[in-house]
Amino acid sequence: MYAIVEIAGQQFKVSKDLKVYVNRLTNEEGSKVSFDKVLLLDDNGNVTLGAPAIEGASVEAKVLQHLKGDKVIVFKKKRRKGYKKRNGHRQYLTQIVIEGITAAGGTKKAAAKKAVVAEEVATEEVEAPKAKKVAPKAKKEATKE
């Protein structure tokens, strides 16, 4: 079972007992955190898509530690001008471990999607007569003769 979840503005593919580095969270080390913005859920081949998120689904995680990432060098140069600028920074990160994925409400969303597909089929039948707009062209050709 895995899920695609949005954490701190980024999307991650997570599964149980997976350690993930995310942008710095405000939670303390050792605390539990829950993410409700689950975009996709796969339960042994049974895929549920959200529109945009799955209602009732959540991902439970535990904050392991706060740390800084590797140094990133930002180097700017303009050739033949003698301009060189070297900057760098270390990103603030949080390491979390995924403790569980809750799929409550996932089946309701699948049933709702089937209803939406049925509505699209019904609207396609209605739109078919509108596609025929050959008659106005025939009138213009008749007036030219």
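Predicted model only: the values in this text are computed from it and were never measured. (Residues numbered from 1 in each chain as written. Predicted model: local features only at pLDDT ≥ 70, side-chain atom pairs only at ≥ 80, totals over all residues. Heavy atoms only, no water.)

Participant: Whenever I open this one, the sheet that holds strand β5 (residues 38-43) confuses me. Can you help?
Facilitator: The pairing of strands in a sheet comes from backbone hydrogen bonds and takes either a parallel or an antiparallel form. Strands sit in the order β2-β1-β5-β6 across an open sheet of 4 strands; the sheet is antiparallel. If you trace the sheet from one side to the other, it starts and ends with β2 (10-15) and β6 (46-49), each paired once. Sheet twist, expressed as the mean angle between neighbouring strand axes with direction ignored, is 20°. (Pairing = 2+ DSSP bridges. Helix = DSSP H or I, 4+ residues; strand = E, 2+ residues; numbered from the N terminus. Axes fitted to C-alpha atoms, helices over the stretch in contact; angles between N-to-C directions.)

Participant: So what exactly am I meant to see when it comes to unusual backbone geometry here?
Facilitator: Phi is mostly negative for residues that are not glycine, and the peptide bonds are mostly trans. Here the amide bond leading from A51 into P52 is cis, since omega sits at -5°, within 30 degrees of zero. You can see P52 is positioned in the loop between β6 and β7 (58-78). For A8, which is not glycine, the phi dihedral falls at a positive 55°. Locating A8 in the fold gives a position in the loop between β1 (2-7) and β2. Not every positive phi belongs to a glycine, and N44 is a case in point at roughly 55°.

Participant: Which parts of the structure should I look at to understand the sheet that holds strand β8 (residues 83-102)?
Facilitator: With antiparallel pairing, the 4 strands of this open sheet are ordered in space as β3-β8-β7-β4. Looking at the sheet topology across the chains shown, the edges are occupied by β3 (19-23) and β4 (32-35). Across the sheet, the mean angle from the axis of one strand to that of its neighbour is 45°, orientation sign disregarded. Pairing analysis gives 5 bridges linking β3 to β8, with the strands arranged antiparallel. In the sheet register, V20 faces β8, and the bridge partner there is I96.

Participant: Please clarify how the packing of aromatic side chains should be interpreted in this entry.
Facilitator: Remark: the centre distance and the inter-plane angle together describe each pair of aromatic rings, the angle taken between the planes. Overall, the coordinates contain 0 aromatic pairs when judged by the stated rule. In this structure, K13 is placed above the aromatic ring of Y2, and the distance from its NZ or CZ to the ring centre is 4.4 Å. (Phe/Tyr/Trp six-rings, centres within 6.5 Å; stacked < 30°, edge-to-face > 60°. Lys NZ or Arg CZ within 6 Å of the ring centre and 35° of its normal.)

Participant: What exactly am I supposed to notice about the nonpolar core here?
Facilitator: A general trend in soluble globular proteins is that nonpolar side chains are found buried together. In terms of nonpolar packing, the biggest core is built from 20 residues, with V14, F35, V38, V59 and I96 touching the most fellow members. Elements with a minimum of two residues in this core: β1, β2, β3, β4, β5, β7 and β8. (Core = buried A, V, L, I, M, F, W, Y, C linked by side-chain atoms within 4.5 Å. Buried < 20%, exposed > 50% of the residue type's maximum accessible area, 1.4 Å probe, protein only.)

Participant: Any chance you could explain a positive patch on the surface here in plain terms?
Facilitator: Taken together, the side chains of R24, K68, K71, R86 and R90 define a basic patch exposed on the protein surface. Counting residues per element, the ones that place at least two in the positive patch are β7 and β8. Position of K68 among the secondary structure elements: in strand β7. (Patch = residues over 30% accessible without salt bridge, like charges linked within 9 Å, V, L, I, M, F, W, Y side chains within 5 Å. Areas by Shrake-Rupley, 256 points an atom, 1.4 Å probe, with all protein chains shown as cover. Salt bridge = Lys/Arg side-chain N within 4 Å of Asp/Glu carboxyl O. Lys, Arg positive; Asp, Glu negative; His and termini not counted. Charge placed at Lys NZ, Arg CZ, Asp CG, Glu CD.)

Participant: I'm lost on the pattern of salt bridges in this one. Help?
Facilitator: Side-chain pairs of opposite charge can arise whenever the charged atoms involved come near each other. What the rule picks out here adds up to 3 salt bridges. When the shortest N-O distance is used, the salt bridge between K16 and D17 registers 3.7 Å. Residue class for K16 comes out exposed when judged on its relative accessible area of 53%. Ionic pairing is found between K32 and E99, a salt bridge with its closest N-O pair at 3.0 Å. Of the two residues, K32 is situated in strand β4 and E99 in strand β8; the sequence distance between them amounts to 67 residues. The partly exposed category is assigned to E99, whose relative accessible area is 29%.

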